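Examining the three-dimensional arrangement
Here are the chains, one letter per residue:
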2 protein chains.
Amino acid sequence: MSDTHTDVPSVISAPLPIPVPLDEQLACPVGDVLRRAGDRWSVLILVLLGRRSYRFNELHRSIEGISQRMLTRTLRGLERDGLASRTVHPTVPPTVEYDLTPLGRTLLEPLSTLADWAVRHGPEIAAARADHDTHDRANPG
Amino acid sequence: MSDTHTDVPSVISAPLPIPVPLDEQLACPVGDVLRRAGDRWSVLILVLLGRRSYRFNELHRSIEGISQRMLTRTLRGLERDGLASRTVHPTVPPTVEYDLTPLGRTLLEPLSTLADWAVRHGPEIAAARADHDTHDRANPG
DNA sequence: CTGCATCCCGTGCGATACTG
DNA sequence: CAGTATCGCACGGGATGCAG
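Reference entry: report on the structure contained in this document. (Residues numbered from 1 in each chain as written. Chains lettered and ligands numbered in written order. Predicted model: local features only at pLDDT ≥ 70, side-chain atom pairs only at ≥ 80, totals over all residues. Heavy atoms only, no water.)

Right, let's get into empty space enclosed by the protein. In this structure the tally under the stated criterion is two cavities of 30 Å³ or more. One number sums up the size of the largest cavity: a volume of about 90 Å³. Around the largest cavity sit 15 residues that line it, and A:Val33, A:Arg36, A:Ala37, A:Leu83 and A:Leu107 are the ones nearest its centre. When residues of the lining of the largest cavity are traced back to their parent elements, those giving at least two are α3 (29–38), α4 (42–51) and α7 (102–136) of chain A together with α7 (102–136) of chain B. No other element matches the four residues that α3(A) contributes to the lining of the largest cavity. Its residues placed into classes, the lining of the largest cavity shows 10 nonpolar, one polar and four charged. Space inside the second largest cavity adds up to approximately 80 Å³. As for the second largest cavity, its lining consists of 13 residues, and the residues nearest its centre are B:Val33, B:Arg36, B:Ala37, B:Leu83 and B:Leu107. (1 Å grid on protein atoms, 1.4 Å probe; cavity = no way out; pocket = protein on both sides within 12 Å on 5 of 7 lines; lining within 4 Å. Points joined across faces, edges and corners; volume = space filled by probe spheres on them. Helix = DSSP H or I, 4+ residues; strand = E, 2+ residues; numbered from the N terminus. Nonpolar A, V, L, I, M, F, W, Y, C, P; charged D, E, K, R; others polar.)

This part covers the relation of the copies chain A and chain B. For these two chain copies, the linking operation is a rotation about an axis paired with a shift along it. You can overlay chain A on chain B at an RMSD of 0.0 Å; the transform is a turn of 180° with a shift of 0.0 Å along its axis. Such a combination of turn and shift is consistent with a two-fold rotation axis. Proximity to the rotation axis, assessed at the C-alpha, singles out A:Gly38 in chain A; its C-alpha lies 2.0 Å from the axis. Both copies contact each other with a shared surface, as 100% of the interface residues of chain A are interface residues in chain B too. (Least-squares fit on C-alpha atoms with pLDDT ≥ 70 in both. Contact = heavy atoms within 4.5 Å.)

The next thing to look at is the sheet that holds strand β2 (residues 84–89) of chain A. Pairing between the strands of a sheet is mediated by backbone hydrogen bonds and can be parallel or antiparallel. Residue and element names in this part refer to chain A. One open sheet holds the three strands; their spatial order is β1-β3-β2, and the pairing between them is antiparallel. Edge strands, defined here as strands with exactly one partner in the open sheet, are β1 (54–55) and β2. Both β2 and strand β3 (residues 95–100) contribute to a ladder of six bridges, which runs antiparallel. Counted as the bridge partner of Thr87 is Glu97 from β3. The strands touched by α4 are β1, β2 and β3; relative to β3, the strand with the most contacts, the crossing angle is about 95°. On the sheet, helix α6 (residues 68–80) packs against β2 and β3 and is oriented at approximately 110° with respect to β2. (Pairing = 2+ DSSP bridges. Axes fitted to C-alpha atoms, helices over the stretch in contact; angles between N-to-C directions.)

Our focus in this paragraph is the protein's contact with DNA strand C. Residues in contact with DNA strand C amount to 21 residues; listed here are only the nearest, A:Asn57, A:Thr72, A:Arg86, A:Tyr98 and B:Trp41. At a separation of 3.2 Å, a phosphate oxygen of DNA strand C approaches a polar side-chain atom of A:Arg76. Interatomic distance of 3.0 Å between a backbone N/O atom of B:Arg40 and a phosphate oxygen of DNA strand C. At the level of secondary structure, the elements contributing two or more residues to the surface near DNA strand C comprise α5 (56–62), α6 and β3 of chain A together with α6 (68–80) of chain B. Sort the elements by how many residues they give to the surface near DNA strand C and α6(A) lands first, with four residues. (Near = heavy atom within 4 Å. Polar contact = N/O pair within 3.5 Å; in protein donor to acceptor, adjacent residues only side chain to side chain.)

Here we come to the sheet that holds strand β1 (residues 54–55) of chain B. All names here are of chain B. Across the sheet, three strands lie side by side as β1-β3-β2; this open sheet has antiparallel pairing. The open sheet terminates on both sides in strands that have one partner only, identified here as β1 and β2 (84–89). Against the sheet, helix α4 (residues 42–49) contacts β1, β2 and β3 (95–100), and its axis sits at roughly 95° relative to β3. Against the sheet, α6 contacts β2 and β3, and its axis sits at roughly 110° relative to β2.

With that out of the way, let us pick up the pairing of β3(B). Sheet analysis places β1(B) next to β3(B), joined by two bridges and oriented antiparallel. Each residue of the ladder has a partner; that of B:Tyr54, found in β3(B), is B:Tyr98.

So, on to the environment of B:Gly65. Looking at the secondary structure, you find B:Gly65 in the loop between α5 (56–62) and α6. Residues contacting B:Gly65, with those up to four places away along its chain left out, are A:Leu22 and B:Trp41.

Here the focus is the side chain of A:Thr95. All names here are of chain A. Along the chain, the position of Thr95 falls in strand β3. Engagement of the side chain of Thr95 in a polar contact is seen with the side chain of Thr91, the distance being 2.9 Å. If near-sequence neighbours (up to four positions away) are discounted, Thr95 is found in contact with Arg55, Thr87, Val88 and His89.

A separate point is the protein's contact with DNA strand D. Around DNA strand D there are 24 residues in total, and A:Met70, B:Asn57, B:Thr72, B:Arg86 and B:Tyr98 lie nearest to it. When atoms of DNA strand D within 4 Å of the protein are split into backbone and base, the sugar-phosphate part holds 62%. Between DNA strand D and the protein, one listed contact pairs a phosphate oxygen with a side-chain N or O atom of A:Trp41 at 3.4 Å. A:Arg69 places a side-chain nitrogen or oxygen 3.2 Å from a base oxygen of DNA strand D. Counting residues per element, the ones that place at least two in the surface near DNA strand D are α6 of chain A together with α5, α6 and β3 of chain B. Classifying every residue of the surface near DNA strand D by side-chain character gives seven nonpolar, seven polar and 10 charged.

As structure tokens, this is what we get:
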């Protein structure tokens, strides 16, 4: 953890065939995870479920701006990837409980590493963005 | 780094106002970074530039399947966020060199953490996905 | 309560063609 | 070499309505 020395282990610094082949890109699980994390709701839901289990409408009420459609779709996606679990309790009004799977729980760690970076360097990004927009054109639209 | 004990530090486990307000979501730099990382090309370009500087067509040749349009747009995006730098050398055939900024370089670390997780747990995700698709319906298409 | 179906829009992304 | 312009498709994502 020295100062200017950025030691990057693992995959990122691993040798890479050039040109990076299409197969490699599509088959790579990194792309999968990145896409998941990149959508608008998955990470937020992951974080909420990381604290406790939620029911459907409870999640719906807990996330301002999400539609039922996207909540359903996102949960299905997380479930499909083995990150969240869906438990149906056969009560008279149906009750469905969502939890994080052990796998999903392990994802919180690397996610928090990235989130931490984002929070730390958010101002720098905002500044760079403002600077770029100002110098490039007067009215960014 | 114990076995089943997942200790999640920082942002992810920080207190969160419920319901999570829309402003919070849009203003949050985490969302920004996640979106960037979630697009198809940014991370790959970040990784390449992390090794050495590249020229435009050199990048174009190094990434199979990317269009000029998306290469330009992605590089502009990275540049706008202060993650990559663009240097024009006033030679007779114009030469443009792309590099990682110090900021961009620091992003490689948390990114590699996530990438590492993806590679480690990729099989589990694939298995869960196959299992889900099989049990849910015979023909997923 | 928990969801699926339908309609619609914005945009990410690729293909192609053209310019300094 | 290093881009820009235009087109078109696919998909994420919101609004609304219906159903078990």
